[in-house]
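Listed below are the residues making up each chain.
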Amino acid sequence: MTITNDPQTSNAGVAPAVDLVNVVIDGVEMAVPKGTLVIRAAEQIGIEIPRFCDHPLLEPVAACRACLIEIDGVPKPQPACAQAVSDGMVIKTQHSSEVARVAQEGVMEFLLANHPLDCPICDKGGECPLQNQAMSVGRPESRFEGEKRTFPKPININAQILLDRERCVSCARCTRFADQIAGDPSLELLERGAKQQVGTADDQPFDSYFSGNTIQICPVGALTSASYRFRARPFDLVSVPTTCEHCASGCSLRTDYRRGVVTRRLAWDDPEVNEEWNCDKGRFAFAYQSNGRVELPLVRENGELRPASWPEAMSVAAAGLEAAGSSTGVLVGGRATVEDAYAYSKFARTVLNTDNIDFRARALSLEESQFLAAEVAGRTLHTTYRNIEQAPAALLIAFEPEDESPIVFLRLRKAAEAGTKVHTLSPVYSLGSEKLAANWISVKAGTEAQALSNLDAAVRDSLSQPGAVVVVGERAASVPGLLSSVSRLAESTGAKIAWIPRRAGERGALEMGAIAGLLPGGRPISDSDARAQIATVWNVDADSLPHAGLSGAELISAISRGSIKAVVTAGVQPSDMPQGAELIEALNTADFVVALDNHHSDITERAHVVFPVAVVTEKAGTFMDWEGRSKPFAAAFRDALTLSDAGVLAMLASAMDSSLSGDTNTLRKEIASIPTWNGGRADIPTTNAESVDAGPTLATWRLLLDSGLMQEDEPHLAATARPSVVLISENDHVALGTPAFIAVSGPSGSITLPAEVGMVADGSVWLPMNSPGSHIYTQLGAGMGEAVTVAATTGGAA
Amino acid sequence: MKLTPVITEFWDDPSLYTLDGYRSHGGYQALAKALKDTPDNIIATVKDSGLRGRGGAGFPTGLKWSFVPQNDGKPHYLVVNADESEPGACKDIPIMMANPHALVEGVIITSFAIRANHAFIYIRGEVPEAIRKVAYAVKQAREAGLIGTNILGSGFDLEVTVHAGAGAYICGEETALLDSLEGYRGQPRLKPPFPAVAGLYASPTVINNVETIANIPYIVDRGVDWFRQFGTEKSPGFKVFAVSGHVKRPGIYEAPLGITMRELLDYAGGMRDGSEVKFWIPGGSSVPMLTPEHLDLPLTYEAMAEAGTMLGTGTPMVFDQTVSVVKAVTRWLEFYKHESCGKCTPCREGTYWITGVLEKFEHGHGTETEMDTLTTLCGQIAGRSFCALGDAAATPYPGAMKYFSDEFKAATHTSADEQFDPVKSYVFSGARV
Amino acid sequence: MTIEISRGITEATRNEMRELAARYPNPRSALLPMLHVVQSAQDEVTTEGIAACAEILEITQAEVTAVATFYTMYKFSPVGKHHIGVCINTMCGLLGGDAVYEKVAERLGATHNGPSADGNFWLERIECQAACTHAPVMTVDWEFMDDVTPESAVGVIDALAAGEEVWSTRGPKIRDFQATEHTLGMASDELATEGNSVDAKMLAGLMVAKGSNNS
């Protein structure tokens, strides 16, 4: 299989025929599609027309007038950013027209008249479109002798973005981004004329998960981030293209560092994936990379972990694992790179001789294993962003895109704006649903499977249109029968399935076979041809490969029972899992625990050997996004000495008299050599729905910005998170006597938070899954769709 | 040329603003006639009349109506631009205060012609008296079955909404007006699409000036030939001229297009005693100024263009020898700076910059270099701004320099008030001419 | 002066705002009128008023703020009982409006776009009022006070301050700022028949044409 993409593969179908028109730009004849904007046409032949308000992904406004050009036969210079070409048009830019040159110079002079001369202390200095274009098309000296417009220095438009109003050129990129792209029109142009300025309503911040993009598209230094402001000069930074590790959206990023420390991250251009955007988590949450790291191998001695040399730790680990024989298991977590996941998959099967492996450190089910084997694994780029964008209709199931895959949200929003009908089957009509103008199929939490089987005809018809998509989130695994219903729905309507997990490593781990029952490429481990193919690649005897093993939940139970003696974990946090408490107990009594991790956790505390592993900046790797698109990246810090997980596993294999490559390039070649699997697939699951309690049930998901480990130490970002509240329907709130606070209780305890009435199905109550004051697995012991009790309280935090 | 009161003919009847008063002078006969005709015929009539928009640009009204796609299944809208805010323009507000039913009747006929079932009258917010008079006329017309469903049994339905603005000259620009009427900041829209195709609520929309619409009942009632007997081939009809400034009897004078400024001046009693024309502006501060040598030009679209200016709103401002051109121009630029919407760079930054420099001249601190700078700065706005407001802001200075460059030169050492005692320009007692 | 200054957004005010929203094919069109109604209720546009508009129109407060701050008739601190405008554009200003403004400012102890010393008045240098024929022009609560002199303008202020009856030269009896804002917001009131809005200057041409005026 391949982990580099042919860009054509995502363009399913034939490109539509385009009407071309002939134009001449600065004497160069060219043919471009009808309707192309002059500024874009000029770019195609390398002519850069100055611009500020223009942005290829925003609607043209022609406000800044920096891009004025001359068109033969048109008396006045025209804005290239808003002028569409027509056949026979003769265009002259600043390079061949004095009119255009003078017009551009005039606009530039006006823009600079009131612009402060604070470039030496401005974050943008050195990468500033105003600075650059002033040099290329501006007058050498300003004639402006008046008093420059000033504003009190800077104001926060939200906790992480500051605005220096006197630097602003009123291009409105930020406000248009907020409105057109993010759907968060809480950043606006205020006042008018020379006093016009960007701002928010009184005491209301620019509330958007995507706010950081405004900093990046600001063509001057008006918007800066609290965390980066005054920290570095762009020309002192080293920039490396990377892939975001935070979720399965798969954003291309640019990581900028200086002296071994990442200073900032930017969205990078991937037209098929994140276009030019990313979310604030991806942009701002990287302090974890340097803080709180496991730095040395640790071994347990007399009950205490102590630093150890690599050889010592290796031999202790090897001995411990060998002693357990094949009574072992591997919990991979969801954040591994493709290469690391592959190494775990191969390590489990060829070194530990076990198929007890799972990458799902979250609520999971055997039904989900079967669903993934039947519908997802081995089908990379089966459903893509482009499919979503072009779908006539999309049904979201157990999926809140704005929180759980923000770039999918942006693409859905783009689609919805262009006419895609979005339906959402959920107990809650979220802010995100509102921004998608979604049709709400309201359902009591836990009864999603039944509801899906009883969709009304209109929704069903809309999903029966060619190109319709069913988008299902990882939370579907929490509801018995739901994924079976999804399969049946897709089968009966012809809609494509998009399965969108949260974590960046999940799809890659699935494809690499880091899940019981599946070998790499979606091969059923029970299939003899599949075994033979993989055995060849791995250079082992097919018979030596283990037979179907235990998936996550079963594995944890087995450790508890003592039937599994040793376990290898990688970046797993028990608090993320419904069986978290059970896992911690099990690890307390397990014979042997090896943890590969970059941060200390409940698991490293209980491990017998802890190996430090690299974070994404310290290793090369690949994240496969939810589409199954491979997004390889190089190490940002090429001199980093930290080993990747695969590197550690390779040493461990060697210590266990086996062999495994830990080198990224070798692993990539090996993965590439695996043929595409055309053999049998698992049957779709047929699990029955279960009836739920008549009482309240829990609706829940993880907010984008929450208590996640990788968001630590970024207070400005955390301050933009949505507050933890109990969301409840108006009816249920009234039934409780309209309390200000509500206590939600489950088997392990209760959570008390401010009550907020929202669009929630009666009988359901919503809590954030893992936000400050609301950690459902540890505090409640209940998961999505499970019965809880709800009571009014007088207040105070739990 | 004789004055020809048509819209203003019965303004001396204090009951004219009421339905009964208006009807007593033949009001709403045109509507009854129009509703028996077809929309296409009415459009043809207005086209044949040659009526040109009275808001300033002079675009042929019937042609504008004919751009509205017919039978497109979309709602159509008529929007009346009653945002009269241009310095010097003061004829729409009087029309609305004195003869609101002429506007309302015109609105109903026009809506019928362009197949609109909802019309909006966007009146600037600073004139509550105009708003209440128009609203009252609409209310009376509705009560009389002239607005609402099945008007006069014709099957034609129309809703008319009177809407108050809130202080923004830019909303006189038709696309800014549409944004304002949709509840947004009044900033102009990109064209295309043009309002006739995608205007209010992205539907086909005709936007006409108050005076333009008030012409419609008379044209429909009395016919093309009657209308064309006034004015010239290219500027047919009559015009509500409003003459202001240092004349003896400033006020409203309705006359055929083609009347000269000298004739209007005579009707207005001539200049105040001891005073002579120094400069005058035919139609709002956005058109270049003229001098006494132009007093005998016909006030038509074409003759004014030939003289390097425009008829504009047809509301001549006349200033005598006591007035400082530097001060007048500075004040206009302060206005444009105040009213710039901020959308485009040339207008936003240019008006800010130019005003600052002009204020130096007003205080006698300009330099000759800055006179050239001002010329180039105006050139950097004219034809480069997003909408006509920017062009307008770039007009007064070059217009003044054409005839009065000496005054600017003098303002490099002597302030405007020293050159021209401001008290002498006052029109109340204490003025010393 | 019949209307007391009140400062709250009552349910009655909200109902008026809802009524406005229902007048238009798209409710957002009512935003400018609604903000006038907010001023009629609050004597200014407050955060509370902005929030009420946002809630009724289902838009963000930032969107309302963006609009409210664009238009100069909306004020963000209390206007007081009366809004006083003096046109200082070229025609009015040079024909004497500058002197009128100076005297009025002195009388009120106010500066441009700010309250009088006693808080009862708000002074503003206003732009062209479309009444150049009646220069210099002043407005009281946006009703016309045509052809003023510094003395007559101060006289009007004195009369208003004393609570005396003052009539617009082309319009009704002066009420107060909030009452006018209500007229603007709802685009109607009961005063159309009250004042005479046609004067000699508007009849100047007609009188000449009728040959009956040579004064």
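The structure displayed is predicted, hence computed values, not measured ones.

Residue and element names in this part refer to chain B. On the basis of which strands lie adjacent, the open sheet formed by four strands has the order β3-β2-β1-β4 and parallel pairing. The sheet is open, and its two borders are formed by β3 (159–164) and β4 (205–209), each paired with just one other strand. Within this sheet the neighbouring strands show an average axis-to-axis angle of 20 degrees, counted without direction. Taken together, the five bridges between strand β1 (residues 77–82) and β4 define a ladder with parallel strand orientation. Looking across to β4, one finds that Tyr-77 is bridged to Thr-205.

So, about the interface of chain C and chain B. How big an interface is tends to be expressed through the accessible area that disappears when the partners come together. Contact residues are listed per partner, giving 63 residues for chain C and 71 residues for chain B. For the side of chain C that touches chain B, the elements supplying multiple residues, two or more each, are α2 (31–42), α4 (61–68), α5 (90–108), β5 (143–145), α7 (177–186) and α8 (204–209) of chain C. No other element matches the eight residues that α5 of chain C contributes to the side of chain C that touches chain B. Partitioning the side of chain C that touches chain B into residue classes produces 35 nonpolar, 20 polar and eight charged.

All right, on to the sheet that holds strand β1 (residues 82–87) of chain C then. In a beta sheet, neighbouring strands are held together by backbone hydrogen bonds and run either parallel or antiparallel to one another. All names here are of chain C. Reading across the sheet, the five strands line up as β2-β3-β1-β4-β5 and stay open at both edges, with mixed pairing between neighbours. The open sheet has two edge strands, β2 (114–115) and β5, and neither has a second partner. Relative to strand β4 (residues 138–140), β1 runs antiparallel, the two sharing three bridges. Looking at the pairing, Ile-84 lines up with Val-140 of β4. Across the sheet, helix α6 (residues 150–161) lies against β1, β4 and β5, angled at about 10 degrees from β4, the strand it touches most.

The subject of this paragraph is the nonpolar core. Most often, soluble globular proteins keep nonpolar side chains buried together rather than apart. In terms of nonpolar packing, the biggest core is built from 477 residues, with Tyr-344, Ile-397 and Val-470 of chain A together with Val-80 of chain B touching the most fellow members. Discounting residues that sit within four places of it in the chain, Ile-397 of chain A has contacts with Leu-425, Glu-448, Leu-452, Val-470, Val-471, Val-472, Gly-473, Ala-476 and Val-486 of chain A.

All names here are of chain A. Here helix α12 (residues 406–417) spans 16 Å end to end across 12 residues, near enough to the 16 Å set by a 1.5 Å rise per residue. Buried residues dominate α12, accounting for nine of its 12 residues. Buried within α12 are the following residues: Pro-406, Ile-407, Val-408, Phe-409, Leu-410, Arg-411, Leu-412, Arg-413 and Ala-415. Directly beyond the C-terminal end of α12, a positive phi value near 120 degrees is found at Gly-419.

In this section: unusual backbone geometry. Excluding glycine, residues mostly carry a negative phi; peptide bonds, for their part, are mostly trans. Cis geometry marks the peptide bond from Pro-192 of chain B to Pro-193 of chain B, where omega comes out at 0 degrees. As for its position among the elements, Pro-193 of chain B is in the loop between α8 (174–181) and α9 (195–198). Look at the link from Ala-135 of chain C to Pro-136 of chain C: it is a cis peptide, with omega at -5 degrees. Relative to the helices and strands, Pro-136 of chain C is located in the loop between β3 (121–126) and β4.

Below, the discussion takes up the packing of helix α2 (residues 29–36) of chain B against helix α6 (residues 100–114) of chain B. All names here are of chain B. Relative to each other, α2 and α6 sit at 5 degrees, their axes nearing to 9 Å. What the angle tells us is that α2 and α6 run roughly parallel. Judged by residue contacts, Ala-30, Leu-31, Ala-34 and Leu-35 of α2 engage Glu-105, Ile-108, Ile-109 and Phe-112 from α6.

Residues and elements named next belong to chain B. Here chain B is described as being made up of domain 1 (19–228), domain 2 (238–320) and domain 3 (325–425). Look at where the C-alpha atoms of domain 1 and domain 3 centre, and you get two points 35 Å apart. Listed per partner, the contact involves eight residues of domain 1 and nine residues of domain 3. Taken together, the residues that form the side of domain 1 that touches domain 3 break down as five nonpolar, two polar and one charged.

Now for the interface of chain B and chain A. Listed per partner, the contact involves 22 residues of chain B and 27 residues of chain A. If you list the elements that add at least two residues to the side of chain B that touches chain A, you get α14 (325–339), α15 (345–362) and α16 (368–381) of chain B. With eight residues, the top contributor of residues to the side of chain B that touches chain A is α15 of chain B. Residues that form the side of chain B that touches chain A fall into these classes: seven nonpolar, nine polar and six charged.

All right, on to the domain arrangement of chain C then. Looking at chain C, the domain boundaries give domain 1 (11–68) and domain 2 (82–174). Taking the mean C-alpha position of each, domain 1 of chain C and domain 2 of chain C sit 28 Å from one another.

Parameters at a glance
Residues numbered from 1 in each chain as written. Chains lettered and ligands numbered in written order. Predicted model: local features only at pLDDT ≥ 70, side-chain atom pairs only at ≥ 80, totals over all residues. Pairing = 2+ DSSP bridges. Helix = DSSP H or I, 4+ residues; strand = E, 2+ residues; numbered from the N terminus. Axes fitted to C-alpha atoms, helices over the stretch in contact; angles between N-to-C directions. Contact = placed C-beta atoms within 7 Å. Nonpolar A, V, L, I, M, F, W, Y, C, P; charged D, E, K, R; others polar. Core = buried A, V, L, I, M, F, W, Y, C linked by C-beta atoms within 7 Å. Buried ≥ 20, exposed ≤ 12 C-beta atoms within 10 Å, placed from the backbone. Expected span 1.5 Å × (residues − 1). Parallel < 35°, antiparallel > 145°, perpendicular 65-115°, else oblique. Domains from an automatic or database assignment.

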